[in-house]
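Geometric and topological summary
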Amino acid sequence: MDWQRFIQEGTKMVHHHGDLTKLEVGAIVNAANSSLLGGGGVDGAIHRAGGPAILEECRAIRARQGGCPTGQAVITTAGLMPAQYVIHTVGPVWNGGANGEVDLLANCYQNSLRLAAQHEVKIMAFPCISTGVYRFPKTTAAEIAVQEVKVFLANNPFPKLVIFVTFDPKDEVIYNSLIK
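Residues numbered from 1 in each chain as written. Predicted model: local features only at pLDDT ≥ 70, side-chain atom pairs only at ≥ 80, totals over all residues. Heavy atoms only, no water.

A few points about the pairing of strand β4 (residues 85-90)
For β4, the buried fraction is high: six of the six residues fall into the buried class. Neither face of β4 is exposed, since Y85, I87 and T89 on one face and V86, H88 and V90 on the opposite face are all buried. Of the strand pairs in this sheet, strand β2 (residues 27-32) and β4 are connected by six bridges, and their pairing is parallel. Residue A27 lies in a different strand from β4, and its bridge partner there is Y85. (Buried < 20%, exposed > 50% of the residue type's maximum accessible area, 1.4 Å probe, protein only. Helix = DSSP H or I, 4+ residues; strand = E, 2+ residues; numbered from the N terminus. Pairing = 2+ DSSP bridges.)

What follows is the structure, encoded as structure tokens:
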């Protein structure tokens with residue numbers, strides 16, 4: 001996909017239905033767990049596709065700071081994937097919404113975007129964060145994602161383009177309705 005075309009047209013956010021691990025972008029975001037040691041879903045797919053270099057850097061981060069708290073983000077190489085970096089963020093587990101889950105999910109996007117900006121990443125791609133086994137309601141999560149990205153992009157020169165990548169057709173419908 002020619003992502004540069006979107007930047008030239010002035011587009012700041014797009015939706016893409018496909019495999020996050022195959023995107024040739026500056027950074028992809030990993031919906032990680034706090035251990036940073038890989039897991040299921042997106043996290044497992046990224047660790048498998050990126051190879052041992054990602055796990056090696058994640059272990060170094062764990063040794064330095066003891067993992068990654070919910071809402072925070074860390075950055076590593078993308079290993080064997082075509083992206084340059086992986087930004088690992090830990091989304092909240094949905095427990096009904098009265099335990100700060102909305103703010104924590106917003107923090108995931110804000111902190112991931114900050115890391116991308118610090119590394120002057122032009123194009124980054126987000127998966128759906130916390131909507132799988134962490135049970136965050138899909139529509140609410142997508143609304144938070146789009147709002148946080150919109151606010152960040154309006155006030156920062158990087159990234160130039162954010163891609164919301166979906167795998168589930170239900171997520172595709174939600175993001176297509178939010179990004180016009």
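Continuing now.
Here's the deal with the layout of surface pockets
Its volume calculated, the largest pocket comes out at about 640 Å³. Along its surface, the largest pocket is lined by 29 residues, and A31, G41, V42, D43 and C128 are the ones closest to its centre. Those elements that place two or more of their residues in the lining of the largest pocket are β2, α2 (41-50) and β6 (161-166). Residue composition of the lining of the largest pocket, by class: 13 nonpolar, eleven polar and five charged. (1 Å grid on protein atoms, 1.4 Å probe; cavity = no way out; pocket = protein on both sides within 12 Å on 5 of 7 lines; lining within 4 Å. Points joined across faces, edges and corners; volume = space filled by probe spheres on them. Nonpolar A, V, L, I, M, F, W, Y, C, P; charged D, E, K, R; others polar.)

Quick notes on the nonpolar core
Nonpolar side chains tend toward joint burial in soluble globular proteins. I87, M124, F126, V149, F164 and Y175 are the most contacted members of the largest nonpolar core, which totals 34 residues. Taken together, the elements giving at least two residues each to this core come down to β2, β3 (73-77), β4, α4 (101-118), β5 (123-126), α5 (138-155), β6 and α6 (169-178). Here this core takes eight residues from α5, the largest share from any one element. If near-sequence neighbours (up to four positions away) are discounted, V149 is found in contact with M13, Y109, L113, F126, V162 and F164. Counting 25 residues, the second-largest nonpolar core is a separate cluster that includes F6, V14, C68 and I163. (Core = buried A, V, L, I, M, F, W, Y, C linked by side-chain atoms within 4.5 Å. Contact = heavy atoms within 4.5 Å.)

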